Structures are given as C-alpha cells and as structure tokens.
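Inside the fold
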Amino acid sequence: MIRILVLRAPGTNCDEETARALREAGACVDVIHTNKLVKREVDLFQYHVLVLPGGFSYGDRVRAGAIWAKKLRAHIGDMLLRYAEEGRPILGICNGFQVLVELGLLPGWESSLEPQAALAPNTSARFEARWVYLRYEGSERCIFTRDIPRGAVLRMPVAHSEGRFLLAHDEDLSRLISNGQLVFRYALPDGRPAEGAYPFNPNGSLFDIAGICNPKGTVLGLMPHPERAVYSWQLPESASSNLEGASVYADGWPIFASMVRYIDENIA
Amino acid sequence: MPLFKARIEIWLKEGLVDAEGQTVKEALNDLGYPIMAARVGKVYQLIIEAVDKKAAEKTIDELCRRLLANPVKDRYYFEVSRY
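Every chain is numbered independently, its residues counted from 1 as its sequence is written. Following the order in which they are written, the chains are lettered starting with A and the ligands numbered starting with 1. Given that this is a predicted model, residues contribute local features only at a pLDDT of at least 70 and side-chain atom pairs are listed and counted only at 80 or more, while totals for whole chains, interfaces and linings are drawn from all residues. Side-chain measures here rest on the full set of heavy atoms in the structure, leaving out hydrogens and waters.

1. As for the overall build of chain B
- Counting its regular elements, chain B contains 2 helices and 3 strands.
- Ordered by position from the N terminus, the helices and strands of chain B form the series β-α-β-α-β.
- Taking 83 residues into account, the globule formula puts the C-alpha radius of gyration at 12 Å, and chain B, at 16 Å, lies well above it.
- Here the C-alpha coordinates of chain B stretch approximately 50 × 25 × 15 Å along the principal axes.
- Classification of the 83 residues of chain B by burial places 28% in the buried group.
- Contacts: residue pairs with any heavy atoms within 4.5 Å of one another. Counting contacts in chain B only where the partners sit at least 6 residues apart, residues at least 24 apart contribute 71% of the total.
- Residue-level accessible areas treat just the shown protein chains as cover; the underlying method is Shrake-Rupley with a 1.4 Å probe. Carbon and sulfur atoms provide 54% of the accessible area of chain B, an area that totals close to 5,500 Å². Only runs of H or I of at least four residues qualify as helices and only runs of E of at least two qualify as strands under DSSP, and these elements are numbered from the N terminus. Between the two quantities, the radius of gyration covers C-alpha atoms and the globule rule is 2.2 Å times the number of residues to the power 0.38. A 1.4 Å probe rolled over the protein chains alone gives each residue an accessible area, and that area as a share of the maximum for its type sets the label: buried under 20%, exposed over 50%, partly exposed in between.

2. Quick word on the sheet that holds strand E4 (residues 90-93) of chain A
Residue and element names in this part refer to chain A.
- Paired strands, in this sense, are two strands between which DSSP finds at least two bridges. Taken in spatial order, the 9 strands line up as E2-E1-E3-E4-E11-E10-E9-E6-E7 in an open sheet, and their pairing is mixed. Edge positions in the sheet fall to strand E2 (28-33) and strand E7 (153-160), since each of these pairs with one other strand and no more. Across the sheet, the axes of successive neighbouring strands diverge by a mean angle of 20°, strand direction being ignored.
- Where strand E10 (residues 209-213) and strand E11 (residues 219-222) come together, 3 bridges link them in antiparallel fashion. Bridging from a neighbouring strand, Cys213 pairs with Leu220 of E11. Between the N-to-C directions of two axes lies an angle of 0 to 180 degrees, each axis being a line fitted to C-alpha atoms and, for a helix, fitted only over the stretch in contact.

3. Regarding the interface of chain B and chain A
- Residue-level contacts link 17 residues of chain B with 22 residues of chain A.
- Take the accessible area each of two parts loses on contact, using a 1.4 Å probe, and add the two losses: that sum is the buried area. Overall, the association of chain B and chain A removes approximately 1,400 Å² of surface from exposure, summing both partners, and the carbon and sulfur fraction of that is 61%.
- Salt-bridge detection follows one rule: a side-chain nitrogen of Lys or Arg within 4 Å of a carboxyl oxygen of Asp or Glu. Measuring nitrogen to oxygen at the nearest pair gives 4.0 Å for the salt bridge that ties Asp74 of chain B to Arg63 of chain A.
- N or O atoms within 3.5 Å of each other form a polar contact, as long as, within protein, one can give a hydrogen and the other can take it, and as long as residues adjacent in sequence are counted only when both atoms are side-chain atoms. Here chain B is connected to chain A by 7 residue pairs in polar contact (both at pLDDT 80 or more).
- Secondary structure elements with two or more residues in the side of chain B that touches chain A: helix H1 (19-30), strand E2 (42-49) and helix H2 (53-68) of chain B.

4. What to know about the packing of aromatic side chains
Residues and elements named next belong to chain A.
- Think of it this way: a Phe, Tyr or Trp ring, Trp meaning its six-membered ring, pairs with another when their centres are within 6.5 Å, and the plane angle makes it stacked under 30 degrees, edge-to-face over 60, tilted otherwise. Throughout the structure, instances matching the rule amount to 7 aromatic pairs over all chains.
- Geometrically, the ring pair formed by Phe97 and Phe165 is stacked, given 6.2 Å between the ring centres and 10° between the ring planes. Note that Phe97 is positioned in helix H4 (residues 95-102) and Phe165 in strand E8 (residues 164-167), a separation of 68 residues in sequence.
- Since its relative accessible area comes to 1%, Phe97 is described here as buried.
- A ring pair is formed by Tyr136 and Phe184, whose centres lie 5.9 Å apart and whose planes are at 55°; its orientation type is tilted. With a gap of 48 residues between them, Tyr136 in strand E6 (residues 128-136) and Phe184 in strand E9 (residues 182-187) connect regions that are remote in the sequence. In this pair, the class of Tyr136 matches that of Phe184, namely buried.
- Three or more aromatic residues link up through ring pairs in this structure, and these residues are Tyr231, Trp233, Tyr249 and Trp253.
- Above the ring of Phe207, the side-chain terminus of Arg185 is found at 3.6 Å from the ring centroid. Two limits define a charge over a ring: the Lys NZ or Arg CZ must be within 6 Å of the ring centre, and within 35 degrees of the ring normal.

5. Details of the side chain of His48 of chain A
- In this structure, His48 of chain A sits in the loop between helix H2 (34-38) and strand E3 (49-52).
- Owing to a relative accessible area of 17%, His48 of chain A belongs among the buried residues under this scheme.

6. Thoughts on the nonpolar core
All names here are of chain A.
- For the purposes of this section, nonpolar cores are sets of buried Ala, Val, Leu, Ile, Met, Phe, Trp, Tyr and Cys residues that join through side-chain atoms within 4.5 Å. The biggest cluster of nonpolar side chains holds 85 residues, and the ones touching the most others in it are Ile4, Leu44, Phe165, Phe184, Leu220 and Met259.
- Counting residues per element, this core draws most heavily on helix H3 (residues 66-85), which supplies 9 residues.
- What Phe165 contacts, discounting residues up to four positions off in sequence, is Phe97, Val101, Ala117, Ala118, Leu119, Leu176, Ser205, Leu206, Ile209 and Ile212.

7. Some points on H2 of chain B
Residues and elements named next belong to chain B.
- Considered for burial, the residues of H2 that qualify are Ala56, Ile60, Cys64 and Leu68. One side of H2 carries all its buried residues, which in axial view fall inside an arc of 75°. Away from its buried face by more than 90 degrees, H2 exposes Lys54 and Lys58.
- Buried residues in H2 make contact with strand E1 (3-12), E2 and strand E3 (74-82). To obtain the arc, one takes the directions from the helix axis to the C-beta atoms.

8. Describing the side chain of Glu128 of chain A
All names here are of chain A.
- Mapping Glu128 onto the fold places it in strand E6.
- Judged by its relative accessible area of 1%, Glu128 falls in the buried class.
- Polar contacts involving the side chain of Glu128 include one to the side chain of Ser124, which spans 2.6 Å.
- In this structure, Glu128 is in contact with Asn122, Val158, Ala159, His160, Tyr198 and Pro202, ignoring residues within four places of it in sequence.

Here's what the structure looks like:
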C-alpha cells in the first residue's frame, strides 16, 4: 500500500482536496498537523511521499511560506533533508511550493536548507485567482509528470499573491534548464511561452516559470493547483455544460497518477 | 544582561519590480502629488537581550538572514540601540 502524508499547518486550506486526488490515484493518505510531526508523534519515514498542500500557512506572515518553512527547519530540518536526499518524493503545491523554496529543497542545489530562489509578490500587486495555461517542458527525470507528453498544454487554476519565481544569480536559469529542472511554464492558449504577458503569466515569474523539480526529479513544486483540476466537472466551462457526474479526468490528474505509479513500480 | 532595541527594515532589492510601491505612487499622483517613485518595505521592532551592542547586532543580522528576509529577493537594514 502506498502511504502518503499530506501535512497541514494553521492556515492550509487545500489539504482535503489534495488528499482526495491522491486517494483517487489509489494511495492511502493521512492528513496530519505539522505539530504532530514536530513532536515526533508521527514518523515521516513510514510514508512514501510527503505532500505540502496549498493555503495560507501562519497567515502568510513575514512572507508566504516563511514561518512554516522555518518551523520545519528548526525542528525536523535534518530529517527533511535526509528524506529528500534519499529520493523520497516531495510535492509542494502553491503555499507548499513556497515552503520548499524557503527550505532550499527547490531548486535543491545545495545540501543545506538555505533558500536559493524566491517567490516574490506578484507584479500585478494583487491576489491572482484565475485559470492559466501551462506548458510541460518535458523534464525527463521528474517522477510526477511521466504520464504527460512533452509540449502538452495543461489548464489549471492559480490562486496566490506571492508567485513571482526569482533566482539569485543570472547563471542560475541556465543551470535550471540544463539540469532538466524546468517542469511547467505559463503559456499562451496555443502553448507558446507567455513571455511575461499578463494575465497568461499571472505573476511576473522569471522565464514564465510555474513549476520546477530538484535535480533528481523527486521533489516538485508548482504554483498552480492540480488538485483543483482533477475532474472535468472542476473546469470553468463545466458550469455551462452537462458534465455533472462525468468521471472524466482533467489536466491536474496525471501529476497524482504519475507519482503514485512511480511509487508502485519502484518503491512500494 | 542589558536589553537592546532593534529597528529592522526589509526591502525588495533594487531592480526588482515593487508592484505595491508602484500602486502607491500612481495613487498619490492621482491625488496631484508629484511623486516620482515609491517603494514599500516592512519594519520590525525587536527587543533583544545581549551582552553588548555588538553581540546584539550580530544576532539581529543572523535572524534577518534566517527568517525576516529571503536574501534572494530582499535587502535588510537595521539599527540597534540601548532599550
């Protein structure tokens, strides 16, 4: 049985739909509060995958994801680093991505928990809640996207104030690309990169970056919400069509399905 | 140990678009003020116990890097004085 830990914190609000998507993919999911993990009431290593869901942990105080990241670092930093270094998958969605960046687990270039990137406030200076087009860049090692054909255009919603991906140095972008760590870019409806055009690139992200993985391909973080695009009835046009009850999957589904299949084939 | 007061400012690095600052500038321009640029930062006030001012400054610098600022995108400044 594939066991997945969806970690909650004060202010997370996407834990249940994320757990539902993972259960739909066949995993056994526990939704557990950070405090239990910090107090060692739960053993992280009994789970095949760690998922940090979206939300507004600790009220987005200081910076989105900062408090949750530093709390994890202070109490179980070494454990998290070991978990990632052993190649155990970690998925961070939206606020979860912000936490992985604050922890330095993404881009994951150093064996430390110092940030090497940032998710800065959107250039629109507001909360962006809208459907976006994502272009899958074809990251070969990424275990979360094996079911997605290279160049595919996916639709998922974003909902965040701090999603402008930035790197510390100019040369870091080419490193990200040559390592195959670029996973999703914001795109135009035809799949060409948005090249910063608003609202296709909703936040002003460098190189239209929406999601990246670590060099191993086992840690993925993305700002869009795949768990809000698992079923076709979650799509915006379903309100005006007769999709209710249809069990057709939407574009967020393969991320969960690919990862669960990877665990099934390689680990569990 | 003596107490010190630290006043810390966190700013988005120069060169990065400060969208909130831009919005403030435009709103002030609408009101007729000749504002040419605006940036928005965050101020923290901390009271810290330390053996002396130098030690307090060292700790403040460290905690800025570890929590209050993400050095990838933020710059920080601080002043420490006896509380």
